[in-house]
Protein chains: 2
Amino acid sequence: MAQQKKLVEAITSRDEDFAKWYTDIVKKAELADYSGIKGCMVIRPHGYAIWENIQKDLDRRFKETGHENVYMPMFIPEGMLQKEKDHVEGFAPECAWVTVGGSEKLNERLCVRPTSETLFCEHYSKIVNSYRDLPKLYNQWCSVVRWEKTTRPFLRTSEFLWQEGHTIHETEKEAREETLRMLQVYIDFYKETLAIPAVTGRKTEKEKFAGAIETYTIEPMMHNGVALQGGTSHFFGDGFARSFNITFTGRDNTLQYPFQTSWGVSTRMIGALIMVHSDDDGLVLPPRVAPIQVAVIPIAQKKEGVLEKASELKNRLIAAGFRVKLDDSDKAPGWKFSQYEMLGVPVRVEIGPKDIENGQCVLVRRDTREKMFISLDKLEDTISELLADIHESMYKAAQKNLEEKTFTARTHEEFLDIAQNKPGFIKAMWCGDTACEDQLKDETGGVKSRCIPFVEEQLSDKCVCCGKPAKHMVFWGRQY
Amino acid sequence: MAQQKKLVEAITSRDEDFAKWYTDIVKKAELADYSGIKGCMVIRPHGYAIWENIQKDLDRRFKETGHENVYMPMFIPEGMLQKEKDHVEGFAPECAWVTVGGSEKLNERLCVRPTSETLFCEHYSKIVNSYRDLPKLYNQWCSVVRWEKTTRPFLRTSEFLWQEGHTIHETEKEAREETLRMLQVYIDFYKETLAIPAVTGRKTEKEKFAGAIETYTIEPMMHNGVALQGGTSHFFGDGFARSFNITFTGRDNTLQYPFQTSWGVSTRMIGALIMVHSDDDGLVLPPRVAPIQVAVIPIAQKKEGVLEKASELKNRLIAAGFRVKLDDSDKAPGWKFSQYEMLGVPVRVEIGPKDIENGQCVLVRRDTREKMFISLDKLEDTISELLADIHESMYKAAQKNLEEKTFTARTHEEFLDIAQNKPGFIKAMWCGDTACEDQLKDETGGVKSRCIPFVEEQLSDKCVCCGKPAKHMVFWGRQY
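In what follows, the accompanying structure is described. Every value quoted in this text rests on a predicted model; they were computed, and no experiment measured them. (Residues numbered from 1 in each chain as written. Chains lettered and ligands numbered in written order. Predicted model: local features only at pLDDT ≥ 70, side-chain atom pairs only at ≥ 80, totals over all residues. Heavy atoms only, no water.)

Considerations on the pairing of strand 14 (residues 259–266) of chain A
All names here are of chain A. Of all eight residues making up strand 14, eight are buried, and the element is well covered by its neighbours. By the alternation rule, side chains of strand 14 split into Phe259, Thr261, Trp263 and Val265 and Gln260, Ser262, Gly264 and Ser266, which are all buried. Here strand 8 (residues 159–169) runs beside strand 14; their pairing, made up of eight bridges, is antiparallel. Looking at the pairing, Glu164 lines up with Gly264 of strand 14. In terms of strand pairing, strand 11 (residues 231–237) meets strand 14 through five bridges, oriented antiparallel. When the sheet's bridge partners are listed, Gly237 is paired in strand 14 with Gln260. (Buried < 20%, exposed > 50% of the residue type's maximum accessible area, 1.4 Å probe, protein only. Helix = DSSP H or I, 4+ residues; strand = E, 2+ residues; numbered from the N terminus. Pairing = 2+ DSSP bridges.)

And the structure:
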């Protein structure tokens, strides 16, 4: 137990210093490491395995909704980026520029893609000719670069991994439906796979994506009440098509502009997994993305028959389809307990000589630490139920946190008071003016509109900032 | 049939103009498209789906041999690249350099990774301390950039997708074993999944990787007798470890340098699939990487019951685990036949009113065009056998081509004669001097050493170039 204590002490407490606790977990759970390159991280095996599970699950959802994967170049010539005015204004300030290729200075600078709307448009302008060519429902998995001033592993890095869907449609209606369909895919994925609840809705003019007509967002709340923009889905209208001269011959034989969308989520979700679920003993992973779902720890493993039995349990669990690791190293059980807690493994199986005698084993769940003795012949069924239950409890705990830290402000004074004293989301009415968003942000030192939800409550009839007639109820909050 | 003919005519004949035939297939089979960025291609859905199947299969092989995936930054600071002398000399001339980030000029230029040895070394220097930390068996899937002057889709592009394994070991013996183990994984993958035979062996000093002590290679032969360097596996000794000051405390408590390897294959393999297997009607894909394995084409689909039956067959085949597409579009069957031939789909199922009456369907295999009538109740079994047989036949046909186009030269004159008149590999003895390799390359306009095979034949005792005592039998050939 001395060793276990030592490991645990190595992490800063979440309540004491949330930021330090976060980076401690990134490091101690071996998710990522700093690299020698400004703002870029090394994603280590445990972190990358989580990303692989995320990819597999999302990719299946994308394919089930009819999308195909492609790969676009990682460079965008400066002239191509400039074709859409709002878009280039949004991204040019954070581009990394290649100016030399081989030993020659390039005639035109190449931007390392910060996002690939322009590349997809260039391609669509070549392959879309008739309404028969539509829709194209493309997605790509890649890394993108945005030159960030202050960075933090997973949450904000100069390079990050993501997927970006880019679709093109015959009609505005279809494109609008696609935008909302993919938002719903994200909402389902957050709930069903990451066990993370969120508020969702539409971004205000001020907060929407550079070049978009509408941006929809999913905004989970971290344990400390701060929001994370967890994924976005954009409707572009025909703006990009006009800028890139993408046209098609319609059913009525006239030349028309198609309508486009894009949508993306990134390795930032690993940051959300940490900040929503984890605790002072390390990572807590929802079972569906956990690289190891069950850790089998033999007790008194030098005693006859223990390792054999542990190995038998491991094989049974693998055969039942679980991701399992048996740790038969010569380290003490106490060390192993805290190690697999640190890594966020959802269930630990302990098996020792006494357990074998009694035809049982010990199960310990990571999220609640609950310990139970179960009969060995019920192992697979119990673990299957337990993993499902862990997912549900984790979701409910996160939901409870979100609800408890969501406040209502009906007056300007209330808004400022909550912003100062109660970390979390604030529901408040808004007149629709960007000036009020700017003012609230300044007054609170960073509280911004998160989204206008699909179902708005009528809290009052006045803007919480200027007192003019309210147009919308908005979720407000600080963000990572 | 008019439509079918038209489609077929659109491709240049392989024997007439191999290079044009190749690019025709890339385009008509919708594998890739040119982009507006010099030397970079767009990988389209059909091409990317092949890459996904390649990735899935290889990734499984890597994990079965104990490897874990990670992700390193895409940028390498100039100073980091320069740490290993031979390595930087090999790669600096083809680097793309980022010199501006955001709106500021960088103090140190960043190279977009052409390969990631230096990044892995930097990371290993931080995480390897004791023999207990070894080995680390890491792999990464990513894109890399090499500024090429002349490019061709899949074969040579400024940016390409690949995997790069990077491992670090306690002993030289282990690292040497790993180098050969991964070469064998590539050999097995080429044979079992791509249906491509190859010669394999060690590269000469002149041809080995920048910074390696040994480079092993797999060299398949294209249909026209030209070689493609299909994959390489490198043993680095402790050279990189010394340059990057990676040390560990050994079992005897002394400070030691570890030994390293790296190995990689790329989207170039898609080029090999085209040039080894395909024909004048388009792509021919080995079943294990084919995005669509079976195309179901209804005949006279407006007749009652045809589409229902076709759909039933599709569902049966999907349930049996095949990748299936039913084409019920209003295009003519003849057009569909040539379209799925162009895409390389291994098996076509035709089902029409007469077939239904007779309880049968028509199967046509893509590789040999053989047509057979089979009873509907044997559908799944027959297709399963057929796909296995197609794989075998494709491998054998490629093997026959390789054997028929491998020649033996015992004298300098014979060598030059074969090099000029018979496209293919040349087996010939060599003294071990780089000067002779240079001379043979000059005299033949490009024939280079491919590899020294693991089992050498003793063709004569003299070097085919200078006549001095021979040290090795070498495979020679032109390359893409």
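Topic: the side chain of His472 of chain A
Residues and elements named next belong to chain A. Mapped onto the secondary structure, His472 falls in strand 23 (residues 472–477). Within polar-contact distance, the side chain of His472 engages the side chain of Glu456 at 2.8 Å. The contacts of His472, once residues within four sequence positions are left out, are Arg202, Ala428, Met429, Trp430, Ile452 and Glu456. (Polar contact = N/O pair within 3.5 Å; in protein donor to acceptor, adjacent residues only side chain to side chain. Contact = heavy atoms within 4.5 Å.)

Comments concerning a nonpolar patch on the surface
Taken together, Leu180, Phe454 and Val455 of chain A make up a surface patch of nonpolar side chains, about 310 Å² in accessible area. On the basis of relative accessible area, Phe454 of chain A is assigned to the partly exposed category, the value being 48%. (Patch = residues over 30% accessible without salt bridge, like charges linked within 9 Å, V, L, I, M, F, W, Y side chains within 5 Å. Areas by Shrake-Rupley, 256 points an atom, 1.4 Å probe, with all protein chains shown as cover. Salt bridge = Lys/Arg side-chain N within 4 Å of Asp/Glu carboxyl O.)

What to know about the sheet that holds strand 19 (residues 371–375) of chain B
All names here are of chain B. Spatially, five strands are ordered 16-15-17-18-19 in an open sheet, and the strand pairing comes out mixed. With partners counted over all chains shown, the strands left at the sheet margins are strand 16 (324–326) and strand 19, one partner each. Neighbour-to-neighbour, the strand axes of this sheet turn through a mean angle of 25°, independent of strand direction. Sitting on the sheet, helix 11 (residues 333–342) is in contact with strand 15 (294–298), strand 16 and strand 17 (347–351), with an inclination near 175° to strand 15. Each of strand 15, strand 17, strand 18 (360–365) and strand 19 touches helix 13 (residues 379–404); the most contacted strand, strand 18, lies at about 10° to it. (Axes fitted to C-alpha atoms, helices over the stretch in contact; angles between N-to-C directions.)

Structural notes on the packing of aromatic side chains
If you walk through the whole model with that rule in mind, you get 34 aromatic pairs over all chains. Seen from their ring centres, Phe415 of chain A and Trp476 of chain A are 5.6 Å apart, and the 90° between their planes marks the pair as edge-to-face. Taken together, the residues Phe415 of chain A in helix 14 (residues 412–421) and Trp476 of chain A in strand 23 connect sequence positions 61 residues apart. Per residue, the accessibility class of Phe415 of chain A equals that of Trp476 of chain A, and both read buried. Three or more aromatic residues link up through ring pairs in this structure, and these residues are Trp51, Phe62, Trp141, Tyr186 and Trp263 of chain A. Sitting over the face of the ring of Trp97 of chain A, Arg109 of chain A holds its NZ or CZ atom 4.1 Å from the ring centroid. For the cation-ring pair, Lys331 of chain B lies above Trp335 of chain B, with the distance from its terminal atom to the ring centre recorded as 4.6 Å. (Phe/Tyr/Trp six-rings, centres within 6.5 Å; stacked < 30°, edge-to-face > 60°. Lys NZ or Arg CZ within 6 Å of the ring centre and 35° of its normal.)

Everything listed here is a matter of geometry and, on its own, says nothing about what the molecule does.
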